[in-house]
Amino acid sequence: EQTALKEDMLASAPDMNQIGSQTVTVNYGGKSTTFTIEVRAKQLQGIELTAPGQTVYAEGETLNLTGGSLKLTYDNGTTETIALTADMVSGYDALKVGVQTLTVTYGGFTKTFDITVEARQVTDIAWESEPNKITYVEGQELDLTGAYINVTYDNGTPARRAVTSDMLSRYNKDSVGPQTVKGTVG
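What counts, and where the lines are drawn
Along each chain, residues carry numbers from 1 onward, in the same order as the chain's sequence is written. Since the coordinates come from a predicted model, pLDDT governs what is reported: local features require at least 70, and pairs of side-chain atoms require 80 or more to be given and counted, while whole-chain, interface and lining totals use all residues. For side-chain calculations, the full set of non-hydrogen atoms in the structure is used, while hydrogens and water are omitted. Among buried residues, the Ala, Val, Leu, Ile, Met, Phe, Trp, Tyr and Cys ones that are joined through side-chain atoms within 4.5 Å form a nonpolar core. The rule is simple: take the accessible area with a 1.4 Å probe, protein chains only, and divide by the maximum for that residue type; under 20% is buried, over 50% is exposed, in between is partly exposed. Only DSSP runs of H or I covering at least 4 residues are called helices, and only runs of E covering at least 2 are called strands; the numbering of each starts at the N terminus. For this analysis, residues touch if any pair of their heavy atoms sits within 4.5 Å. Here, a strand pair is defined by DSSP locating no fewer than two bridges between the strands. The rule for a salt bridge is simple: a side-chain nitrogen of Lys or Arg has to be within 4 Å of a carboxyl oxygen of Asp or Glu. Helix axes use the C-alpha atoms of the stretch in contact, all axes being lines fitted to C-alpha atoms, and the angles between their N-to-C directions lie in the range 0 to 180 degrees. Each aromatic pair joins two rings of Phe, Tyr and Trp (for Trp, the six-membered one) with centres within 6.5 Å, and gets the label stacked for planes under 30 degrees apart, edge-to-face for over 60, and tilted for any other angle. Note on criteria: charge over ring means Lys NZ or Arg CZ within 6 Å of the ring centre, with the direction from the centre no more than 35 degrees off the ring normal.

Enquirer: Can you walk me through the nonpolar core in this structure?
Expert: It is characteristic of soluble globular proteins that their nonpolar side chains tend to be buried jointly. Ranked by size, the top nonpolar core spans 16 residues in total, and within it Leu 70, Leu 72, Leu 84, Met 88, Val 89, Val 104 and Ile 115 carry the most contacts. If you list the elements that add at least two residues to this core, you get β3 (44-50), β5 (69-74), β8 (98-106) and β9 (109-118). Leu 84 has contacts with Leu 49, Thr 50, Pro 52, Leu 65, Gly 68, Ser 69, Leu 70 and Val 104, leaving out every residue within four places of it along the chain. Formed by 7 residues, the second largest nonpolar core is a distinct cluster that contains Leu 144, Ala 147, Ile 149 and Val 163.

Enquirer: How should I be thinking about the pairing of strand β1 (residues 20-28) in this particular structure?
Expert: When a strand is regular, its side chains alternate between the sheet's two faces. Of the strand pairs in this sheet, β1 and strand β2 (residues 31-39) are connected by 9 bridges, and their pairing is antiparallel. Paired with Val 26 across the bridge in β2 is Thr 33.

Enquirer: What is the right way to look at the sheet that holds strand β4 (residues 56-58) in this model?
Expert: One key point about sheets: their strands pair by backbone hydrogen bonds, in either a parallel or an antiparallel sense. One open sheet holds the 4 strands; their spatial order is β4-β9-β8-β7, and the pairing between them is mixed. Because the sheet does not close on itself, it has two edges, and the strands there are β4 and β7 (89-90). Pairing between β7 and β8: 2 bridges, direction antiparallel. Paired with Ser 90 across the strands is Thr 103, a residue of β8.

Enquirer: Is there a simple way to explain the side chain of Ser 69 in this structure?
Expert: Relative to the helices and strands, Ser 69 resides in strand β5. When neighbours within four sequence positions are excluded, Ser 69 is seen to be in contact with Glu 48, Leu 49, Thr 50, Thr 81, Ile 82, Ala 83 and Leu 84.

Enquirer: I tried to follow the pattern of salt bridges on my own but got confused; where do I start?
Expert: Side chains carrying opposite charge are able to pair once their charged atoms draw close together. Per the stated rule, a full pass over the model turns up 2 salt bridges. In this structure, Asp 75 and Arg 40 form a salt bridge, with 2.7 Å as the shortest nitrogen-oxygen distance. Of this pair, Asp 75 sits in the loop between β5 and β6 (79-83) while Arg 40 sits in the loop between β2 and β3, and the two are 35 residues apart along the sequence. Using a relative accessible area of 54% as the deciding quantity, one classes Arg 40 as exposed.

Enquirer: For this particular structure, what's the right way to read the sheet that holds β5?
Expert: Strands sit in the order β3-β5-β6 across an open sheet of 3 strands; the sheet is antiparallel. The outermost strands of the open sheet, each flanked by one partner alone, are β3 and β6. Sheet twist, expressed as the average angle between the axes of neighbouring strands with direction ignored, equals 25°. Relative to β6, β5 runs antiparallel, the two being bridged by 5 bridges. Bridge pairing in β6 places Leu 70 opposite Ile 82.

Enquirer: Looking at this model, I keep getting lost on the packing of aromatic side chains. Mind explaining?
Expert: How two aromatic rings sit relative to each other is given by the distance of their centres and the angle of their planes. On inspection of all chains with the given rule, the structure shows 1 aromatic pair. Taking the centre distance of 5.6 Å and the plane angle of 55° together, the rings of Tyr 57 and Tyr 92 count as tilted. Highlighted residues: Tyr 57 in strand β4 and Tyr 92 in the loop between β7 and β8, separated in sequence by 35 residues. Judged by its relative accessible area of 22%, Tyr 92 is partly exposed. We note Lys 42 situated over the ring of Tyr 74; from NZ or CZ to the ring centre the distance is 4.2 Å. For the cation-ring pair, Arg 120 lies above Tyr 153, with the distance from its terminal atom to the ring centre recorded as 3.7 Å.

Purely geometric numbers; function is a separate question.
What follows is the structure, given as structure tokens:
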């Protein structure tokens, strides 16, 4: 006679969270028998990406993964959601202006999302030090040694930059008298 196995026939319930072989004892009608089960680790079947909230960056800005997550789906039907971390994301270049496709890799699966890096804009400049030489003889080239400015960008990052001749206009080495030299920083 065949009888369906019911939970109350088990001498003790197997631990389905313990990886490996387990012996299960069944009691029925005063008799016992055993069989072996194998519990294996759940396997990742796929990932679903929720991209971070910030998708536009100023040039030089650090990648912000806040709000980004992965929904992990396993072969036992369960799911788990984890936050994105920097070690999962590749392809970000803070100094490369334009659209960038970043890759998220986890458990052998990959997903992508796009971000945009916009060129940073100069919001302020201030002299740190003027050139060492400010008096010239007619015909001499402009010497910018020692000239530095402090630049502030719209992403909040400051930079110390040496003043170069390509930043300047209006210097005429053949003109005698005081000259005001104007500059631009990009």
